[in-house]
Amino acid sequence: MRNLNYKIINIFPIGNNCSVTIEGSVTGLKNGMTVYDDENIAHQVLSVAMVNEREKNSIGETTTVLIKGLINSENIHV
């Protein structure tokens, strides 16, 4: 059973990896950690995007992560 679930808003392939925009705060996501898609396939988080602190109203609404490999899912589970 996974503790954290993030809804995927957008997936953008970049070479053999994917930029994935997710809904919500990234508390609990870290570079190098393993996440799982809806089919329980493991994926590695290569990078969690930095937050622009000048736009404090949008902090926590969406975040972009770089995932190793290609992902085809509606959610990411941690």
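Cut-offs applied
Residues numbered from 1 in each chain as written. Predicted model: local features only at pLDDT ≥ 70, side-chain atom pairs only at ≥ 80, totals over all residues. Heavy atoms only, no water. Helix = DSSP H or I, 4+ residues; strand = E, 2+ residues; numbered from the N terminus. Pairing = 2+ DSSP bridges.

Enquirer: Explain unusual backbone geometry to me, and be specific about the residues and the numbers.
Expert: Phi at Asn40 is positive, roughly 65 degrees, even though this residue is not glycine. Note on placement: Asn40 falls in the loop between β3 (34-36) and β4 (42-48).

Enquirer: Can you lay out the pairing of β4 for me, pointing to particular residues and giving the numbers?
Expert: Look at any regular strand and the pattern is simple: side chains alternate between the two faces of the sheet. Two elements, β3 and β4, share three bridges in a ladder whose sense is antiparallel. Along β4, the bridge assignment pairs Thr34 with Gln44. Hairpin remark: β3 followed by β4, antiparallel, with five residues in the connecting loop; positive phi at Asn40, about 65 degrees. Relative to strand β5 (residues 62-67), β4 runs antiparallel, the two sharing three bridges.

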